[in-house]
Amino acid sequence: MPVDRPDALPAARRPHRLSGGLPGLLAPGATTDPYRLRLYRLLRTDYPLGYDPALGAWLLSRYADVALALTDPRFTGYPHDGAPRGRALVPLGLCRGSLVCGPLTVPWSTAAPAVERTAYVLARRIAGRDRADLVADFCRWLPAGAAAAAAGLARPDLGALPRGARHRRAPGGAGDCTGTTALREHALASFLANMLDAPDLLAAATAGEVGGDGSGSLLGRAWAETLRRDPPVQIVLRRTRTEVAVSGGTLPADAPVACLIGAAGRDPARFAAPDRFDPLRSDADPLLIGPAGCPAALLGRLEAEHGLRALLTAMPGIRWADGFRPVAGGLLTRGPRALLVRPS
């Protein structure tokens, strides 16, 4: 069931170069689509270690080096020393790396049904239309409703949620983890784009099939594969506590380091056919997903699974609008700008 999206594969364009040949991470065009510019590929192959003065950090793009920076105690958070070290929480995937990250304030048995109800309400609103944008009409609202549920509202009133609700902290919730929902919007949109590109995958996932090794639901594996292939957070900042040797040389002590998650997740030295969306891949890796117990990560997966099922229940014939192809954008954070569909 692997899926290749032609528009997501790098096109042959030449990125802007800094002095010494290092491609500029914040150069025009790179901030829109580093994949199409071949920027990540060039950094991995020719410049595995280099300093980007515009970003003010050393760049790490190979999976092995990024994994080291995320897990080794010789690295700490950036910009302050109190940020996570070693295998403590790292702001990765949907986790914001909050030092006060804690459990949901309501039982999981309450949060999950609330997310499911919210998803079905939103899906039914869209079902009668000739055309809809899932980013504007679904992905922006489902995480907001889930954040309200995480704050203790079992039946959030979607009509009463202000437009800025998705960018504010949920009252009484688990701090920044669940209240700020923009990252979950990006991740949900990427997940839906990947799934809608594969009708056979949709059918198998909604039928409840498990992965080839029985390790989990296909929907769960598809969600994890989305976070690897299309991470909502492309760059995670760390800082060295001492000199650290990496594949491209040696990082100095007390140096800001930019871990290029988008590049590491598509490193062919770690992942077979890395540009391919393949939930059944045998080389899946939980490292790039983020802390498994983070409330935001747990809610994100719930939103993806219940959201997709709600859409398919309300609109079994859902498909891309005529002539539409999803296009992602962004460098620091990334996700599809729009998902235009025909509900029936």
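Owing to the predicted nature of the structure, the values given are computational and were not obtained by experimental measurement. (Residues numbered from 1 in each chain as written. Predicted model: local features only at pLDDT ≥ 70, side-chain atom pairs only at ≥ 80, totals over all residues. Heavy atoms only, no water.)

On to the pattern of salt bridges. Per the counting criterion, the structure on display carries 14 salt bridges. A salt bridge links Arg325 to Asp197, with the nearest nitrogen and oxygen atoms 3.1 Å apart. In this pair, Arg325 is assigned in the loop between strand 9 (319-320) and strand 10 (328-329) and Asp197 in the loop between helix 7 (182-196) and helix 8 (199-206), connecting sequence segments 128 residues apart. Among the residues examined, Arg325 registers a relative accessible area of 36% and is labelled partly exposed. Residues joined in a network through salt bridges with shared partners are Glu225, Arg228, Arg281 and Asp283. (Salt bridge = Lys/Arg side-chain N within 4 Å of Asp/Glu carboxyl O. Helix = DSSP H or I, 4+ residues; strand = E, 2+ residues; numbered from the N terminus. Buried < 20%, exposed > 50% of the residue type's maximum accessible area, 1.4 Å probe, protein only.)

Attention shifts here to the side chain of Thr240. If you trace the backbone, Thr240 turns up in strand 5 (residues 235-240). Within the local environment of Thr240, its side chain forms a polar contact with the backbone oxygen of Pro252, the two atoms lying 2.6 Å apart. If sequence neighbours within four positions are ignored, Thr240 has contacts with Arg74, Phe75, Leu251, Pro252, Ala253, Asp254, Ala255 and Val257. (Polar contact = N/O pair within 3.5 Å; in protein donor to acceptor, adjacent residues only side chain to side chain. Contact = heavy atoms within 4.5 Å.)

Moving on: unusual backbone geometry. If a residue is not glycine, its phi is most likely negative; likewise, a peptide bond is most likely trans. Although it is not a glycine, Asp254 adopts a positive phi angle of roughly 55°. Looking at where Asp254 falls in the secondary structure, it is placed in the loop between strand 7 (249-251) and strand 8 (256-260).

Moving on, we come to the pairing of strand 2 (residues 57-60). Of the strand pairs in this sheet, strand 1 (residues 49-52) and strand 2 are connected by four bridges, and their pairing is antiparallel. What sits directly across from Gly50, in strand 2, is Leu59. Hairpin remark: strand 1 followed by strand 2, antiparallel, with four residues in the connecting loop; positive phi at Gly56, about 75°. (Pairing = 2+ DSSP bridges.)

Here we come to the sheet that holds strand 12 (residues 340-342). Taken in spatial order, the three strands of this open sheet run 4-12-9, and their pairing is antiparallel. Looking at strand neighbours, the two that pair on one side only are strand 4 (132-133) and strand 9, the edges of this open sheet. Pairing of strand 9 with strand 12, which is carried by two bridges, proceeds in the antiparallel orientation. Across the sheet, the residue bridging to Arg319 is Arg342, located in strand 12.

In this section: the nonpolar core. Leu134, Phe138, Phe191, Leu192 and Met195 are the most contacted members of the largest nonpolar core, which totals 71 residues. The contacts of Phe191, once residues within four sequence positions are left out, are Leu219, Ala222, Trp223, Thr226, Ala304 and Leu308. By size, the runner-up hydrophobic cluster in this structure holds 13 residues, among which are Leu25, Leu39, Leu43 and Ala57. (Core = buried A, V, L, I, M, F, W, Y, C linked by side-chain atoms within 4.5 Å.)

Keep in mind that these numbers describe shape and distance, not what the molecule does.
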